[in-house]
Amino acid sequence: MPLHSVSVAGVVVRDDGRVLAIRRADNGTWEPPGGVLELDERPEDGAVREVLEETGIRVSVERLTGVYKNMSRGVVALVFRCRPVDGMERTSSESTAVEWLTLEEVEKWMGEVYAVRVLDALEGDAPQVRAHDGHRLISSA
């Protein structure tokens, strides 16, 4: 029986349009903050917890903006658009940097499969459903 892991992430958007991002400690990539959803937690609560743990920023969830499946690893990510409520930026054991990025910096610094999550959260009202191989998006058949 195939098993999937579910992760959650928050695309946190400030009033000036900048987006919260972390540089991961394990691989140096820039991504929206997020992680594995715990068994006893609602997806929205997991996104709030992960953002706070990784960045020091407390957020409120606005809406689901996308569902993304890493086809090679069997990870399904639920991404939520969030707004900051309070807190101060700080790194954690999982991040070496926490920054508020412009859209241009997101497109330049993040890999395709993470930048598209930010773009989806900023652009549409309906959630997107996308698949990728860990590096590139896979188009629908």
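Reading the values: rules and limits
Residues numbered from 1 in each chain as written. Predicted model: local features only at pLDDT ≥ 70, side-chain atom pairs only at ≥ 80, totals over all residues. Heavy atoms only, no water. Pairing = 2+ DSSP bridges. Helix = DSSP H or I, 4+ residues; strand = E, 2+ residues; numbered from the N terminus. Contact = heavy atoms within 4.5 Å. Axes fitted to C-alpha atoms, helices over the stretch in contact; angles between N-to-C directions. Expected span 1.5 Å × (residues − 1). Buried < 20%, exposed > 50% of the residue type's maximum accessible area, 1.4 Å probe, protein only. Core = buried A, V, L, I, M, F, W, Y, C linked by side-chain atoms within 4.5 Å. Phe/Tyr/Trp six-rings, centres within 6.5 Å; stacked < 30°, edge-to-face > 60°.

J.: Teacher, can you tell me more about the sheet that holds strand β4 (residues 34-36) here?
T.: Within a sheet, neighbouring strands are paired by backbone hydrogen bonds and run either parallel or antiparallel to one another. The 6 strands are arranged β4-β1-β6-β5-β8-β9 in an open sheet whose pairing can be described as mixed. Pairing within the sheet leaves two strands with one partner each, and these edge strands are β4 and β9 (137-138). In this sheet, β9 lies alongside strand β8 (residues 128-132) in antiparallel orientation, the contact comprising 2 bridges. Bridging across to β9, Ala131 finds its partner in Ile138. Here helix α1 (residues 43-55) sits on the sheet and contacts β1 (5-12), β4, β5 (57-70) and β6 (75-87); the angle it forms with β5, its principal contact strand, is near 110 degrees. Along the sheet face, helix α3 (residues 112-123) touches β1, β5, β6, β8 and β9 and points at about 120 degrees away from the line of β5.

J.: Before we go on, may I ask you to explain the environment of Trp30 in this structure?
T.: Note that Trp30 resides in strand β3 (residues 30-31). Residues Trp30 and Arg117 lie 87 residues apart in sequence; the distance between their C-alpha atoms is 12 Å. Apart from the residues within four sequence positions on either side, Trp30 is in contact with Ala21, Ile22, Arg23, Ala97, Glu99, Leu101, Trp109, Met110 and Tyr114.

J.: Please clarify how α1 should be interpreted in this entry.
T.: Along its 13 residues, α1 runs 18 Å from first to last C-alpha, staying within 8% of the 18 Å computed at 1.5 Å per residue. For α1, every residue scored as buried is listed here: Gly46, Ala47, Arg49, Glu50, Val51, Glu54 and Thr55. On its buried side, α1 packs onto β1, β2 (19-24), β4, β5, β6 and β7 (95-101). Phi for Gly56, located one or two positions after α1, is positive at around 85 degrees.

J.: Looking at this model, I keep getting lost on the pairing of β6. Mind explaining?
T.: Residues in a regular strand point their side chains to alternate faces of the sheet. Pairing analysis gives 8 bridges linking β1 to β6, with the strands arranged parallel. Residue pairing in the sheet places Val8 in a bridge with Leu78 of β6. The antiparallel pairing of β5 with β6 creates a hairpin that spans 4 residues between the two strands, and Gly74 there sits at a positive phi of about 70 degrees.

J.: Would you mind showing me how to read the nonpolar core here?
T.: As a rule of thumb, nonpolar side chains are buried together in soluble globular proteins. Grouped together as the largest cluster of nonpolar side chains are 17 residues, with contacts concentrated most on Val11, Val19, Trp30, Leu101, Val106, Met110 and Val118. The set of elements that each furnish at least two residues to this core consists of β1, β2, β6, β7 and α3. Among the elements that make up this core, the one with the highest residue count is α3 (4 residues). The contact partners of Val11, leaving out residues within four places of it in the chain, are Val19, Pro32, Val79, Phe80, Arg81, Cys82, Arg117, Val118 and Ala121. Ranked by size, the runner-up nonpolar core spans 14 residues in total, among them Leu37, Leu78, Val98 and Trp100.

J.: Is there a simple way to think about the packing of aromatic side chains in this case?
T.: In this description, an aromatic ring pair is defined by two values, namely the gap between the centres and the angle between the planes. The full count for this structure, using the stated rule, is 1 aromatic pair. Measuring from ring centre to ring centre gives 5.2 Å for Trp30 and Trp109, while their planes differ by 40 degrees; the resulting arrangement is tilted. Within this pair, whereas Trp30 is found in strand β3, its partner Trp109 is found in helix α2 (residues 103-109), the two being separated by 79 residues in sequence. Taking the relative accessible area as the measure of exposure, Trp30 reaches 10% and is therefore buried.

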